[in-house]
Amino acid sequence: MATLQAIKYKRGKLLVLDQLRLPHEHHYDEVSTAEEAFDCIRSMRVRGAPAIAIVAALAYAVELHNGGCTATTPEETIAQIESRLDYLKESRPTAVDLSNAISLLKQAARAAKREGLAHPEAKEAILNSYIETAEKILAKDLENNTSIGSYGTSWLQHQYMLSSSRTISVLTHCNTGSLATSGHGTALGIIRTLHARGLLKHAYCTETRPYNQGSRLTSFELIFEGIPATLITDSMAGALLSLHKEPMNIGAVIVGADRVVRNGDTANKIGTYALAVLARHHGVKFVVAAPTTSIDLETETGADIKIEERKPEELTQISGAVVNPDGSIDTSRTARVAIADQRISVWNPAFDVTPHALIDAIVTEKGTVVKGADGKFDLSSVLQSN
Ligand SMILES: CSC[C@H]1O[C@H](OP(=O)(O)O)[C@H](O)[C@@H]1O
């Protein structure tokens, strides 16, 4: 049974959909410790800035619920929790949702320690506070995404006077849907909401080399939802944006984010910057969809964002379901093939940075932020009420 639920959780048990096997195989891994979460995230069996944070937080909550904390005193308990969270933080450094979630979880554990110090069950109070906070992170993410979908749709509706007779075609990159979050998605969440409100003409998605989040994951989500969609290679984006005729008349490029810094510069999947340049050249709106959990006001500009580099095999090898001689897909068999000379050197940055000058709007769950007359974003306005 195909599913769009990347994460299944009940207190004491976490199941994570193995996205390396999608779209042809649906397999959930049980992830019950910080170490298992680290490996699941680093190997990209789960990926997507919000989903990474949720899996890290909940996997350690499961470990704690199942007696994984060996500390006795409140001080030792805090020290052990913070050490495990710092370990998880290193699983994927660019997406800020993970470090923001870790800060929240540390604050909750410390607050419980302060409040419960005199209590003989102080350790239990700290553990319960951690688990409840991790569960709130999961619940809040879905609420954020439906809000982003609504704000993003409203902004586009206003920009283009959209209606059932005046719909919009959009291009998206990577995967920012239910497989990157707890559900609905961010950029893909806007596309879902546009579709639900009868305002979407067509969605185009890039394959998003080298991990192929677009061809393997976004295509699957769009087909699953019955959204009219077309897959293109990353290299076709320029040609697509140059065609100002229906139905390929793209009104907006809508992407997600791994880290939006104070001036609005945005780190996202490699290839995003190229799309922003093309969008500006062709007069197409460029929209970033990001929950406030993906915003990092401590970093001033994109120059200071650490970009994760990944292994060469992601470019030089590929896996997929076996295609039978008659063209049918044998989903019971997968194969991994080399698609380049394995001796070639490879540069594989997982993300790039789009300057805020090329971004028309940043859509969050608190509202859509656009640049002021000074050409600058003021993101503090959407973080104040956090
Ligand atoms: C809403 S997901 C945001 C972001 O995460 C993805 O990265 P990855 O698949 O490497 O985890 C991609 O950059 C998405 O745009």
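Residues numbered from 1 in each chain as written. Predicted model: local features only at pLDDT ≥ 70, side-chain atom pairs only at ≥ 80, totals over all residues. Heavy atoms only, no water.

1. Considerations on the sheet that holds strand β6 (residues 229-232)
Within a sheet, each strand pairs with its neighbour through backbone hydrogen bonds, oriented either parallel or antiparallel.
Part 1 of the argument: Judged by pairing direction, the sheet is mixed, and its seven strands sit side by side in the order β6-β5-β4-β7-β10-β15-β16 without closing on themselves. Across the chains shown, the open sheet's two edge strands, defined by having one partner strand only, are β6 and β16 (367-369). Across the sheet, the axes of successive neighbouring strands diverge by a mean angle of 25°, strand direction being ignored.
Part 2 of the argument: Together, β4 (168-172), β5 (200-206), β7 (250-255), β10 (285-289) and β15 (361-364) form the strand contacts of helix α6 (residues 187-196), whose direction differs from that of β4 by roughly 160°.
Part 3 of the argument: Contacts from helix α9 (residues 272-281) reach β4, β7 and β10 within the one sheet, and its direction differs from that of β10 by about 145°. (Pairing = 2+ DSSP bridges. Helix = DSSP H or I, 4+ residues; strand = E, 2+ residues; numbered from the N terminus. Axes fitted to C-alpha atoms, helices over the stretch in contact; angles between N-to-C directions. Contact = heavy atoms within 4.5 Å.)

2. Notes on the nonpolar core
Part 1 of the argument: Ranked by internal contacts, the top residues of the largest apolar core, which has 52 residues, are L14, I81 and Y130.
Part 2 of the argument: At the level of elements, β2 (13-17), α1 (34-42), α2 (49-65), α3 (74-89), α4 (96-116), α5 (122-160) and α7 (213-225) are the ones that each hand at least two residues to this core.
Part 3 of the argument: Apart from the residues lying within four places of it in its own chain, the contact partners of I81 are Y60, L64, A109, I126, L127 and Y130.
Part 4 of the argument: Among the nonpolar cores identified, the runner-up in size contains 28 residues, and L275, A279, I362 and F377 belong to it. (Core = buried A, V, L, I, M, F, W, Y, C linked by side-chain atoms within 4.5 Å. Buried < 20%, exposed > 50% of the residue type's maximum accessible area, 1.4 Å probe, protein only.)

3. Considerations on the UniProt feature "active site" (unreviewed entry) in the protein
Part 1 of the argument: In the numbering used here, UniProt assigns the "active site" (unreviewed entry) feature to D258.
Part 2 of the argument: Mapping D258 onto the fold places it in the loop between β7 and β8 (259-261).
Part 3 of the argument: Excluding its chain neighbours within four sequence positions, the residues that come into contact with D258 are A49, T94, A95, V96, D97, A267, N268, K269, S294 and F351. (UniProt positions renumbered as here; feature names shortened; annotations may be inferred.)

4. What about the site of the ligand?
Part 1 of the argument: Around the ligand, a shell composed of 18 residues is seen, among which G48, R92, D258, N268 and K269 lie nearest.
Part 2 of the argument: At a separation of 2.9 Å, an oxygen atom of the ligand approaches a polar side-chain atom of R47.
Part 3 of the argument: Residue K269 places a side-chain N or O atom 2.7 Å away from an oxygen atom belonging to the ligand.
Part 4 of the argument: Relative to its free-state accessible area of 400 Å², the ligand is covered by the protein chains to the extent of 100%.
Part 5 of the argument: A class-by-class count of the residues in the shell around the ligand yields seven nonpolar, seven polar and four charged. (Near = heavy atom within 4 Å. Polar contact = N/O pair within 3.5 Å; in protein donor to acceptor, adjacent residues only side chain to side chain. Areas by Shrake-Rupley, 256 points an atom, 1.4 Å probe, with all protein chains shown as cover. Nonpolar A, V, L, I, M, F, W, Y, C, P; charged D, E, K, R; others polar.)

5. As for unusual backbone geometry
Part 1 of the argument: Omega for the bond connecting L22 with P23 falls within 30 degrees of zero, at 5°, which places this linkage in the cis form.
Part 2 of the argument: Tracing the backbone shows P23 in the loop between β2 and β3 (28-30).
Part 3 of the argument: Following R209, the chain continues into P210 via a peptide bond in cis, with omega recorded as 0°.
Part 4 of the argument: Mapped onto the secondary structure, P210 falls in the loop between β5 and α7.
Part 5 of the argument: Phi is positive for M44, which is not a glycine, with a value near 65°.
Part 6 of the argument: By secondary structure assignment, the location of M44 is in the loop between α1 and α2.
Part 7 of the argument: Even without being a glycine, M161 presents a positive backbone phi close to 50°.
Part 8 of the argument: The class of M161 is exposed, set by a relative accessible area of 60%.

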